[in-house]
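Results of the structural survey
So the chains spell out like this:
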Amino acid sequence: MKEFSYVITDEQGIHARPAGIFVKEAAACECKVTISKDGKEVDAKRILGVMGLGVKKGQEIVLRTDGADEEAAMERLSTFLKENL
């Protein structure tokens, strides 16, 4: 299992457009991908779960990957977060 903590810097937090792209990226991974905030963990391959976290600017999320391609998935998804959120 790989884990990555990230503080959201986007003014709008995790909003629809980047969340949709992130979910597509996560869905392309074989491994299990989750995002958690304040103890609530959701499947990062489901848009309603990701949007349901209601992540705002300045809040920390924890991204976890677990499975066959966890290393590559973490690299790709953590880079996406840094570049887009």
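Computed from a predicted structure; not experimentally measured.

Applying the stated criterion to the full structure yields 7 salt bridges. Taking the shortest distance from any N to any O, the salt bridge between Asp 38 and Lys 37 comes out at 4.0 Å. By relative accessible area, which is 12% here, Lys 37 ends up buried. Residues Asp 43 and Arg 46 are paired through a salt bridge, measuring 3.9 Å at the closest nitrogen-oxygen approach. The exposed category is assigned to Arg 46, whose relative accessible area is 57%.

Next up on the list: the pairing of strand β3 (residues 40-43). Here strand β2 (residues 32-37) runs beside β3; their pairing, made up of 4 bridges, is antiparallel. From the neighbouring strand, Ser 36 faces β3, where its bridge partner is Glu 41.

Attention now moves to the packing of aromatic side chains. Per the stated rule, a full pass over the model turns up 2 aromatic pairs. Judged by centre distance (6.0 Å) and plane angle (15°), the rings of Phe 4 and Tyr 6 are stacked. Here the two residues Phe 4 and Tyr 6 agree in accessibility, since each one is buried.

The next point concerns the side chain of Thr 34. Relative to the helices and strands, Thr 34 resides in strand β2. Reaching out from Thr 34, the side chain makes a polar contact with the side chain of Glu 41 at a distance of 3.4 Å. The contact partners of Thr 34, leaving out residues within four places of it in the chain, are Glu 41, Val 42, Ala 44, Val 62, Leu 63 and Arg 64.

Turning our attention to the environment of Asp 38. Mapped onto the elements, Asp 38 comes out in the loop between β2 and β3. The exposure class of Asp 38 is exposed, given its relative accessible area of 70%. Distance from Asp 38 to Leu 53, taken between C-alpha atoms, is 9.1 Å for residues 15 residues apart in sequence.

What counts, and where the lines are drawn
Counting restarts for each chain: residues are numbered from 1 in the order of the written sequence. Local features in this predicted model are restricted to residues whose pLDDT is 70 or higher, and side-chain atom pairs enter the listing and the counts only when it is 80 or higher, whereas totals over whole chains, interfaces and linings include all residues. The basis for every side-chain value is the complete set of heavy atoms in the structure, and neither hydrogens nor water enter the calculation. For this document, the term salt bridge refers to a Lys or Arg side-chain nitrogen within 4 Å of an Asp or Glu carboxyl oxygen. Remark: exposure states derive from per-residue accessible area (1.4 Å probe, protein chains only) relative to the maximum for the residue type, with buried under 20%, exposed over 50%, and partly exposed in between. Strands pair, by our definition, only if DSSP identifies at least two bridges between them. Helix and strand definitions here come from DSSP, where helices need a minimum of 4 consecutive H or I residues and strands a minimum of 2 consecutive E residues; each element is numbered from the N-terminal end. Stacked, edge-to-face and tilted are the three classes for Phe, Tyr and Trp ring pairs, Trp counted by its six-membered ring, which pair at centre distances within 6.5 Å; planes under 30 degrees apart are stacked, over 60 edge-to-face, the rest tilted. Each polar contact in these results corresponds to two N or O atoms within 3.5 Å; when the atoms are within protein, one needs to be able to donate a hydrogen and the other to accept it, and residues that are neighboring in sequence are counted only if both atoms are side-chain atoms. By definition, residues are in contact when any of their heavy atoms lie within 4.5 Å.

Keep in mind these numbers describe shape, not what the thing actually does.
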